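# Structural description and commentary
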Amino acid sequence: MRNLSIRKYLSSKIVWLYLISGGLLLGTSLLGLFYSSVIIPIPTILHIILDKTINMGWLDEVAKNEEMIIWNIRLPRVLLAFCVGAALSLAGAAFQGLLRNPLADPYTIGVSSGASLGAVLVLFFQVTIFGLGNFTLPVVSIFSGLIALLVVFGLVRLSSKSLAIETIILAGIIVSAFISALVSLLISLGDRDAMTQIIYWLYGSVGMRGWSYVQLIIPFMIIGSIVLFYFYRELNALALGEDAADHIGVDVKKGKTFVLIGASLLTGAAVAVSGSIGFVGLVIPHLIRLVTGPNHRHVLPLSLIMGGAFLILADLMARTMIAPKELPIGVITALIGAPVFALLLIRERLGRGTNK
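Rules of the game
Residues numbered from 1 in each chain as written. Predicted model: local features only at pLDDT ≥ 70, side-chain atom pairs only at ≥ 80, totals over all residues. Heavy atoms only, no water. Helix = DSSP H or I, 4+ residues; strand = E, 2+ residues; numbered from the N terminus. Rg over C-alpha atoms; globule rule 2.2 N^0.38 Å. Buried < 20%, exposed > 50% of the residue type's maximum accessible area, 1.4 Å probe, protein only. Contact = heavy atoms within 4.5 Å. Expected span 1.5 Å × (residues − 1). Patch = residues over 30% accessible without salt bridge, like charges linked within 9 Å, V, L, I, M, F, W, Y side chains within 5 Å. Areas by Shrake-Rupley, 256 points an atom, 1.4 Å probe, with all protein chains shown as cover. Salt bridge = Lys/Arg side-chain N within 4 Å of Asp/Glu carboxyl O. Core = buried A, V, L, I, M, F, W, Y, C linked by side-chain atoms within 4.5 Å. Axes fitted to C-alpha atoms, helices over the stretch in contact; angles between N-to-C directions. Parallel < 35°, antiparallel > 145°, perpendicular 65-115°, else oblique. Left-handed = near helix turned anticlockwise from the far one by under 90°. Nonpolar A, V, L, I, M, F, W, Y, C, P; charged D, E, K, R; others polar. Phe/Tyr/Trp six-rings, centres within 6.5 Å; stacked < 30°, edge-to-face > 60°. Lys NZ or Arg CZ within 6 Å of the ring centre and 35° of its normal.

A word on the overall build of the chain. The secondary structure content of the chain amounts to 14 helices and zero strands. Starting at the N terminus and walking to the C terminus, you meet the elements of the chain as α-α-α-α-α-α-α-α-α-α-α-α-α-α. Taken over C-alpha atoms, the radius of gyration comes to 21 Å for the chain, in line with the 21 Å a tight globule of 356 residues would show. Taken across its 356 residues, the chain has 49% of its residues classed as buried.

Laid out in structure tokens, this is it:
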């Protein structure tokens, strides 16, 4: 009876978490569409979106400038912020589960830096790969992120036979530092226009991207998310350690490979469309794990929802705090994420000390 009551409590708790996170996502999305220099009522916003999506012919009652603002500027911006935040948070949850370390995320293990280098190379040389067209930027970003990840694991293999978590993170920091130097070199070699474009892109932003960028990220986000959701059992097993996972019949090599590919797809696509945005993949999954526990069946989808909601809110702050000027969204996520993560680490250390 006691076990049954505990299960009921946990299941009801998870249901409430999904409802709360869904409500936060809906609330931040509506706020992002509603609040800016031009205030448009929420009924009008819903009117425009419904008419554009199901073509009911209602827009005769709506001013053209309001239609343009919502459909061409704010809605793609909110959707892009959701996709980027969801992708980074989901990738961070996968890396943390795979490496069994709360400090693991796309930035600390070098994937994001590699993706940034690929995107900077495309922007610097104005490259368009035949057959890819507009998809050149995300595809190159994804592949360069995967290459950076392979370099990190190659360094770890050379330095030690075991894939120690601390060694992976240290190797990721080394590779990230080297890539940052290469990016700085490219910026210094470029002309003023190229320098301005690259620096603005590196700061991180989802503003003035439009529907084309939403269309760029969505295929990669869907594929990466499906891969990670499919392998959630392997992530749960790997949390016990590779040897334990192998003993209970999990194909460790296959699981690790697909998790790394899925997380790299998400990271590369997010970096390609928005630039460098830190702390989303570090803080959000860590907070979710504290509330839900280690089961990736819930950690992954909740990280996706809350990561998207968080970045929509961060983008809203970036464009309204010093309006009419706009802050880089990466500045907002760092200002919020760094203190929160520091508090989490202090709390964890104090908890360990108390247990001793």
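For the rest of this paragraph, the subject is the environment of I69. Along the chain, I69 turns up in helix α3 (residues 64-99). Here the alpha-carbon distance between I69 and G210, two residues 141 residues apart in the chain, equals 11 Å. The residues contacting I69, other than those within four sequence positions of it, are V38, I40 and R74.

The next thing to look at is helix α12 (residues 280-292). Between its first and last C-alpha atoms α12 spans 18 Å; for 13 residues at 1.5 Å apiece the expected length is 18 Å, and the two agree. Summarising burial for α12: ten of the 13 residues are buried, a large majority. Among the residues of α12, V280, G281, L282, V283, I284, P285, H286, I288, R289 and T292 are the ones counted as buried. Directly beyond the C-terminal end of α12, a positive phi value near 95° is found at G293.

Let us look at the environment of F220. Tracing the chain through its elements places F220 in helix α8 (residues 211-230). Distance from F220 to I109, taken between C-alpha atoms, is 20 Å for residues 111 residues apart in sequence. Those residues in contact with F220, other than ones at most four positions away along the chain, are F135, P138, V139, I142, L265, L266 and A269.

Let's shift gears to the environment of L345. Note that L345 resides in helix α14 (residues 329-355). The class for L345 is partly exposed, based on a relative accessible area of 31%. Put simply, L345 and R77 are 268 residues apart on the chain and 33 Å apart in space, counted from C-alpha to C-alpha.

Now for the side chain of R289. Note on placement: R289 falls in helix α12. You can call R289 buried: its relative accessible area is 19%. Not counting residues up to four positions away in its chain, the partners in contact with R289 are A93, Q96, G97, P294, H296 and V299.

With that settled, consider a nonpolar patch on the surface. On the surface, I147, V151, L155, L158, L170 and I174 cluster together into a nonpolar patch covering about 590 Å² of accessible area. Within the residue set of the nonpolar patch, elements represented by two or more residues are α5 (136-159) and α6 (165-189). A per-element tally of the nonpolar patch places α5 first, with four residues. Along the chain, L155 falls in helix α5.

This part covers the nonpolar core. By size, the foremost hydrophobic cluster in this structure holds 99 residues, and its most contacted members are F82, V84 and F95. Sort the elements by how many residues they give to this core and α3 lands first, with 20 residues. Excluding residues within four positions of it along the chain, V84 makes contact with V206, I217, A270, V273, S274, I277 and L311.

Attention shifts here to the packing of α3 against α8. Between α3 and α8, whose axes approach to 10 Å, the crossing angle comes to 25°. As the angle between them shows, α3 and α8 are arranged roughly parallel. Our pair here, α3 against α8, has a crossing hand that is left-handed. Two secondary-structure elements touch here, α3 through W71, N72, L75, P76, L79, L80, F82, C83, V84, A86, L90 and A94 and α8 through W211, Y213, V214, I217, I218, M221, S225, L228 and F229. Taken together, the residues of the contact of α3 with α8 sort by class into 19 nonpolar, two polar and no charged.

Bringing the packing of α3 against helix α11 (residues 252-274) into the picture now. Contact geometry of α3 with α11 gives a least axis separation of 9 Å together with a crossing angle of 150°. When the axes of α3 and α11 are compared, the pair comes out roughly antiparallel. Every pair of crossing elements has a handedness; the one defined by α3 and α11 is left-handed. Here L80, V84, A87, L88, L90, A91, A94, F95 and L98 of α3 come into contact with α11, specifically with K256, V259, L260, A263, L266, T267, A270, V273 and S274.

What follows deals with unusual backbone geometry. Positioned with a positive phi, Q126 is a non-glycine residue whose angle comes to about 50°. Tracing the backbone shows Q126 in the loop between α4 (111-125) and α5. For Q126, a relative accessible area of 57% puts it in the exposed group. Its identity is not glycine, yet F279 carries a phi of approximately 75°, on the positive side. Relative to the elements of secondary structure, F279 occurs in the loop between α11 and α12.

Taken as a whole and assessed by the stated rule, the structure comprises four aromatic pairs. With 5.1 Å between their ring centres and 80° between their planes, Y230 and F231 make a pair best called edge-to-face. Residue classification places F231 among the buried residues on the basis of a relative accessible area of 6%. With centroids separated by 5.0 Å and ring planes inclined at 15°, the aromatic side chains of F231 and F258 adopt a geometry described as stacked. Of this pair, F231 sits in the loop between α8 and α9 (232-238) while F258 sits in helix α11, and the two are 27 residues apart along the sequence. Members of the aromatic cluster, joined through ring pairs, are Y230, F231 and F258. Taking NZ or CZ as reference, R209 lies 5.6 Å from the ring centre of Y213, over its face.

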